[in-house]
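Report on the structure
So the chains spell out like this:
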Amino acid sequence: MIAAGIIAVLMLASAASMGENVESSNAAKRMTSGAVFLESVQEDLAALNASGLLAMNGQAVYDIDDWQNAAFQCDITVFNVSTSLLQVELTLIDRATTRPLATVHTLRSTA
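Note that the structure is a prediction, hence the values are computed from the model and not measured.

1. Some details on the confidence of the model for the chain
In this model, the chain carries a mean pLDDT of 84, and residues with pLDDT of at least 70 account for 77%. At the level of individual helices and strands, the chain shows its lowest average pLDDT in helix α1 (residues 2-46), which scores 71, and its highest in strand β1 (residues 60-62), which scores 96.

2. Quick notes on the packing of aromatic side chains
Applying the stated rule across the entire model yields 1 aromatic pair. Taking the centre distance of 6.1 Å and the plane angle of 40° together, the rings of Tyr62 and Trp67 count as tilted.

3. Some thoughts on the pairing of strand β4 (residues 99-109)
With 10 bridges joining them, strand β3 (residues 85-94) and β4 adopt antiparallel strand pairing. Looking at the pairing, Glu89 lines up with His105 of β4. Counted along the chain from β3 to the antiparallel partner β4, the turn is 4 residues long, and its residue Thr98 has a positive phi close to 60°.

About the criteria used
Residues numbered from 1 in each chain as written. Predicted model: local features only at pLDDT ≥ 70, side-chain atom pairs only at ≥ 80, totals over all residues. Heavy atoms only, no water. pLDDT = per-residue confidence, 0-100. Helix = DSSP H or I, 4+ residues; strand = E, 2+ residues; numbered from the N terminus. Phe/Tyr/Trp six-rings, centres within 6.5 Å; stacked < 30°, edge-to-face > 60°. Pairing = 2+ DSSP bridges.

Shown next, in the form of C-alpha cells:
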C-alpha cells in the first residue's frame, strides 16, 4: 500500500514536470514567432524613404491580415532626432497578454 502511494506521488510529480516543459516549449515557440515577425517589420520599413517612415508614425501592424485574431502587434513610432536623422521605435506586443515583449530602436539618415 505504501509502495503504491509512493509510485502515485512519483507519477504525479513526473506529469507536472512534463506539463511545465510543454508550457516552456510553447512559450519559446511563441517568442520565436514574435521575433520573426518583428524582423519582418524591420525589413519592410528598411525599404521606405524618410517621408514614408514618417507617414508610418503611430501605426500598428499585425502578424496576420485578420487583426482581431492576430497573435502579435507591432507599434511604430518615428520622429526626427535632428534635421538629417530619424529614430524608429518598434514595440512588439503579445496580444494574448497585451504585454510588450520587445522594443527596438534604430536611427535612419534622411540624407
